[in-house]
Amino acid sequence: METNNTDWRYTVMPAVFTWLKESENGALEIDFDATQKYAADILKVQGKGGSRMGGLVGSGTLGENSYLSSEQRLSLLKALSDIAKEFNVPLISGAAAETKEEIAKIVKELATVGVDTVMVMPPKTKEVPSDEEMYAYYALSATAAKEAGVTIMPYNNPDAAGYHAISTDLLKRLAALPEVTALKISTTDVSVIETLMLENKDLKVLAGVDTVTVHAGLAGACGGITGVGCIFPKASVTMQEYVNKGEWAEANKISQAMNSISYLDAQPLLLEYLKFAFGIHHNDATGGLRTLGKKLTQAQIDDVRARYILAKERLETLGLID
């Protein structure tokens, strides 16, 4: 199945959930069939302008990456690679490590299961690395990517606990590496994007927080990676269409309609919150609660449900429910 996207970086892409099921002994295991089906269903959806999601992001934060073993991640990505190929879109996955040697190894491993672009997180060290140490970490991952025939996307997520911020000066240096296809900026402070774009208008930046899709576009981001778009794909694709055309008022209507649930994308429990909302959307609330992450309290469950219902009602009014 072909998409009508000429450059995936100018689209929004879903960070798909890893669907789980109970094994015979009651333990949770990956439901590969369900995960593939939901990923395919999302990629089939068209926005009002006729475009679709331009890529597939697997085994990310919303894909329970931090809870999976290396073997599980590779098996999951291999399954998602089949879906990406079916829709002729790139498969993107995240990677993080403590050392540059370890991240280089992971990049090469991901390439063997069909990953096209690796979102490289900053090194997982307690001490904040210097810019030179950070550059060496990314430079070696770029060398590994070149050898494996893939690209990388430095992932700056300063708002999330545990991730070292990548300085603006370093982001500029990393963008110049031939193997860097784009930068992913996951922060509500879009001035970082604007600063980068003012110095290099040809830079490709992807926004990583649903609440700032419109503002990131105004600052110069060309596309984004979405969690809420897994639940309301038509709305997310249509909003990106308006952003790309500079139709800010129309894009903002959709952003405001989704605001109640987009808020959850910027919270520490975004995996647990959005996965439950996804379960509600597919009449599978029990499945939505199957996660290797933290167990939600009843108050949190009620809050997510209320936010989902409000967003759905607003999007129905705009004709943006699939």
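As a reminder, the structure under discussion sits directly above these lines.
For the structure given in this document, a descriptive report is provided here.

Reading the values: the criteria
- By convention here, each chain's residues receive numbers from 1 onward along its written sequence.
- Residue-level local features of this predicted model are given only where pLDDT is at least 70; pairs of side-chain atoms are given and counted only at 80 or more, and the full residue set underlies all totals for whole chains, interfaces and linings.
- Each side-chain value is derived from all of the structure's non-hydrogen atoms; neither hydrogens nor water enter the calculation.
- Per the convention used, a helix needs a DSSP run of H or I reaching at least four residues, while a strand needs a run of E reaching at least two, with both numbered from the N terminus.
- Partly exposed describes any residue whose relative accessible area lies between the buried limit of under 20% and the exposed limit of over 50%, with all areas from a 1.4 Å probe on protein chains only and scaled to the type maximum.
- Like charges are joined within 9 Å and nonpolar side chains (Val, Leu, Ile, Met, Phe, Trp, Tyr) within 5 Å, but only among residues with over 30% relative accessible area and no salt bridge; these make up the patches.
- Note on areas: Shrake-Rupley with a 1.4 Å probe; residue coverage comes only from the protein chains shown.
- The salt bridge criterion pairs a side-chain nitrogen of Lys or Arg with a carboxyl oxygen of Asp or Glu, the two atoms within 4 Å.
- Whenever a helix is involved, its axis is fitted only over the stretch in contact; in every case the axis is a line through C-alpha atoms, and angles between N-to-C directions fall within 0 to 180 degrees.
- Should an angle fall under 35 degrees it is called roughly parallel, over 145 degrees roughly antiparallel, and 65 to 115 degrees roughly perpendicular, with every other angle called oblique.
- Two helices that cross are described as forming a left-handed crossing if the nearer one is turned anticlockwise from the farther one by less than a right angle, and a right-handed crossing if clockwise.
- We call two residues in contact whenever any of their non-hydrogen atoms come within 4.5 Å of each other.
- Each residue gets one of three labels, nonpolar for Ala, Val, Leu, Ile, Met, Phe, Trp, Tyr, Cys and Pro, charged for Asp, Glu, Lys and Arg, and polar for the others, Gly among them.
- In this scheme, strands are said to pair when DSSP sees at least two bridges between them.

**Brief notes about unusual backbone geometry**
With a phi close to 65°, E64 is a non-glycine residue in the positive phi region. Relative to the elements of secondary structure, E64 occurs in the loop between β4 (56-58) and α2 (70-86). Residue E64 is classed as buried on the basis of its relative accessible area of 0%. At N283, a position not held by glycine, the phi torsion is positive, near 55°. The residue N283 is located in the loop between α10 (270-281) and α11 (285-288) in this model.

**Considerations on a nonpolar patch on the surface**
A cluster of nonpolar side chains, namely L28, Y67 and L292, defines an oily patch on the protein surface of about 230 Å² accessible area. With respect to the helices and strands, the residue Y67 is situated in the loop between β4 and α2.

**A look at the packing of helix α5 (residues 168-175) against helix α6 (residues 191-199)**
When two helices pack together, their arrangement is given by the angle between the helix axes and the distance between those axes. In the contact formed by α5 and α6, the axes pass within 11 Å of each other and the chain directions differ by 50°. Taken together, the axes of α5 and α6 lie oblique to each other. In the packing of α5 onto α6, the handedness of the crossing is right-handed. Judged by residue contacts, T168, L171 and K172 of α5 engage V192, T195, L196 and E199 from α6. Looking at the contact of α5 with α6 residue by residue, the class counts come to three nonpolar, two polar and two charged.

**Some points on the sheet that holds strand β5 (residues 91-95)**
Across a sheet, strands are paired by hydrogen bonds formed along the backbone, either parallel or antiparallel in direction. Strand order in the open sheet made by the eight strands is β1-β10-β9-β8-β7-β6-β5-β4, with parallel pairing throughout. The sheet is open, and its two edges are formed by β1 (12-14) and β4, each paired on a single side. For this sheet, the mean inter-axis angle between neighbouring strands, taken without regard to orientation, is 30°.

It is worth stressing that arrangement in space is one thing and function is another; only the former is reported here.
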